[in-house]
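Working through the structure, step by step
Letter by letter, the chains look like this.
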Amino acid sequence: KVRSYGELSVGGPFELVDTKGNIVSTETLKGNWVLLYFGFTYCPDICPEQMELMANVTDIAQNEHGIVLVPIMITIDLERDTPEVLDEYVAEYSSKIVALRGTEQQIDDVCNFVPVLQKQGTSIR
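Residues numbered from 1 in each chain as written. Predicted model: local features only at pLDDT ≥ 70, side-chain atom pairs only at ≥ 80, totals over all residues. Heavy atoms only, no water.

Quick notes on the overall build of the protein chain
- A count of helices and strands for the protein chain gives 4 helices and 5 strands.
- Helices and strands appear in the protein chain in the N-to-C order β-β-α-β-α-β-α-β-α.
- Taking all 125 residues of the protein chain together, the buried fraction comes to 33%.
- Expressed as a percentage of contacts within the protein chain between residues at least 6 apart in sequence, the contacts between residues at least 24 apart total 69%.
- Accessible surface, the protein chain as shown: approximately 8,900 Å² in total, 52% of it carbon and sulfur. (Helix = DSSP H or I, 4+ residues; strand = E, 2+ residues; numbered from the N terminus. Buried < 20%, exposed > 50% of the residue type's maximum accessible area, 1.4 Å probe, protein only. Contact = heavy atoms within 4.5 Å. Areas by Shrake-Rupley, 256 points an atom, 1.4 Å probe, with all protein chains shown as cover.)

Now the structure itself:
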């Protein structure tokens, strides 16, 4: 017997830009399985590990199960993560990873559609 309590409410419409200036939105992604990651290129610890994991999961899903995923990294560091920096960063992990950015409001809107904790770190000197 299956019981259901309420509805799962994850996701919502968004529109961001990739490193080449192309718009990527919920409309352009319709019909695709999306693997979504929020991060930033100056993250020394967690992000590189998670980017490798995302690249590996994408390859395993396709090679072993025939499932094509669209891996997406959305930056939360709009000041330092320029399109050029993002392009170089994701290329280190997989050419399949799509890096996205937008305005601060656009990123906040996407973060509100999925459970995301966004916190700016502090420098330790």
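What about the pattern of salt bridges?
- Considering all chains together, one arrives at 4 salt bridges under this definition.
- Where Asp59 meets Lys96, a salt bridge forms, and the shortest distance between an N and an O atom there is 2.9 Å. Linking Asp59 in helix H2 (residues 46-65) with Lys96 in the loop between helix H3 (83-91) and strand E5 (98-101), this pair joins segments that are 37 residues apart in sequence.
- Here Asp59 falls in the partly exposed class, since its relative accessible area comes to 28%.
- Salt-bridge contacts for Arg80 lead to Asp77; the nearest nitrogen and oxygen are separated by 2.8 Å.
- With a relative accessible area of 43%, Arg80 lands in the partly exposed category.
- Judged by relative accessible area, which is 11%, Asp77 ranks as buried. (Salt bridge = Lys/Arg side-chain N within 4 Å of Asp/Glu carboxyl O.)

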